[in-house]
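Here's the letter readout for the chains.
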Amino acid sequence: MKESAQIAHTVAKAILHEKELDNPFFANSKLHLDVSAGATPTDGPSTGCTMVTSLLSLAMKKPAKMDLAMTGEVTLTGRILPIGGVKEKTIAARWSDVKTIIFPSANRRDFDKLAPNVKAGLEVEDDAEQSATLKSHLSVSGNLRDE
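Residues numbered from 1 in each chain as written. Predicted model: local features only at pLDDT ≥ 70, side-chain atom pairs only at ≥ 80, totals over all residues. Heavy atoms only, no water.

If you look the chain up in an unreviewed UniProt entry, it shows as Lon proteolytic domain-containing protein from Nyssa sinensis.

Listed below in structure tokens is the structure:
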């Protein structure tokens, strides 16, 4: 998790530099992301996408919408890796009044296979489509990083 936080910070800085060259947020701010051993336990580093979005939201002073959820490990190049637990994460999103979920594109088939009652009322987008979602929710265009 600590490595995910460091990667998210690096990727967010790179994206901010591309989108708002003159934004001094990361140069002028000290950040701490608490991913200590006592934090909420996870089976993997699939919070990277969310961390990047949160950091960009803070840096750009543009809040992400409350009904948006996302998951996926982010690489140093900004690629979002496949996740596990699509069904469980979808159910958790529904319980949390989420309207849109962003999954890694490699997990699109996993979501499509879920029973209709599990995914009822949810719009799902994969990272190939997240350009429009992040643009509308956070004013960031493109994938996390264009490769």
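Chemist: Describe the overall build of the chain, naming the residues involved and giving the relevant values.
Modeler: Secondary structure summary: the chain contains seven helices and five strands in total. Within the chain, the fraction of its 147 residues that count as buried is 39%. Of the roughly 8500 Å² of accessible surface on the chain, 52% is carried by carbon and sulfur atoms. (Helix = DSSP H or I, 4+ residues; strand = E, 2+ residues; numbered from the N terminus. Buried < 20%, exposed > 50% of the residue type's maximum accessible area, 1.4 Å probe, protein only. Areas by Shrake-Rupley, 256 points an atom, 1.4 Å probe, with all protein chains shown as cover.)

Chemist: Got a sec to walk through the pairing of strand β4 (residues 100-103)? Specific residues and values, please.
Modeler: Residues T100 and I102 of β4 are buried on one face, and the alternating residues I101 and F103, pointing to the opposite face, are buried as well. With three bridges joining them, strand β1 (residues 68-70) and β4 adopt parallel strand pairing. Within the sheet, the bridge partner assigned to A69 lies in β4 and is I101. (Pairing = 2+ DSSP bridges.)

Chemist: Could you give me a rundown of the UniProt feature "active site" (unreviewed entry) in the chain, with the residues and numbers involved?
Modeler: Listed under "active site" (unreviewed entry) in the UniProt record, and renumbered for this structure, are S46 and K89. For the annotated residues, spread through 44 residues, the largest C-alpha to C-alpha distance comes to 11.0 Å, consistent with a single compact locus. You can see S46 is positioned in the loop between α2 (25-28) and α3 (48-60). A relative accessible area of 17% places S46 in the buried class. Apart from residues lying up to four places away in sequence, S46 is in contact with T71, G72, E73, I83 and K89. Of note, K89 is situated in helix α4 (residues 86-95). Here K89 falls in the partly exposed class, since its relative accessible area comes to 29%. (UniProt positions renumbered as here; feature names shortened; annotations may be inferred. Contact = heavy atoms within 4.5 Å.)

Chemist: Which residues make up the side chain of S4, and what are the values?
Modeler: By secondary structure assignment, the location of S4 is in helix α1 (residues 2-19). With residues up to four places along the chain from it excluded, the contact list for S4 reads P45 and M51.

Chemist: Quick one: what's the story with the confidence of the model for the chain, residue by residue and with numbers?
Modeler: Low pLDDT marks regions whose predicted coordinates should not be analysed in detail. Residues of the chain with pLDDT of at least 70 account for 79%, and the chain-wide mean is 79. The low-confidence segment residues 131-147, where pLDDT is below 50, has 56 contacts with residues more than four positions distant or belonging to other chains. (pLDDT = per-residue confidence, 0-100.)

Chemist: How would you explain the environment of A14 if you had to name every residue and give the values?
Modeler: One can find A14 in helix α1. A residue is classified by how much of its surface remains accessible, and A14, at 25% relative accessible area, is partly exposed.

Chemist: Quick one: what's the story with the packing of α1 against α3, residue by residue and with numbers?
Modeler: At a minimum axis distance of 8 Å, the contact between α1 and α3 shows a crossing angle of 45°. Classified by the interaxial angle, the pair formed by α1 and α3 is oblique. Remark: the crossing between α1 and α3 carries right-handed chirality. Contact with α1, carried on its side by S4, A5, A8, H9, V11, A12, I15 and L16, involves G48, M51, V52, L55, L56, A59 and M60 of α3 and no other residues of that element. Tallied by class, residues from the contact of α1 with α3 come to twelve nonpolar, three polar and no charged. (Axes fitted to C-alpha atoms, helices over the stretch in contact; angles between N-to-C directions. Parallel < 35°, antiparallel > 145°, perpendicular 65-115°, else oblique. Left-handed = near helix turned anticlockwise from the far one by under 90°. Nonpolar A, V, L, I, M, F, W, Y, C, P; charged D, E, K, R; others polar.)

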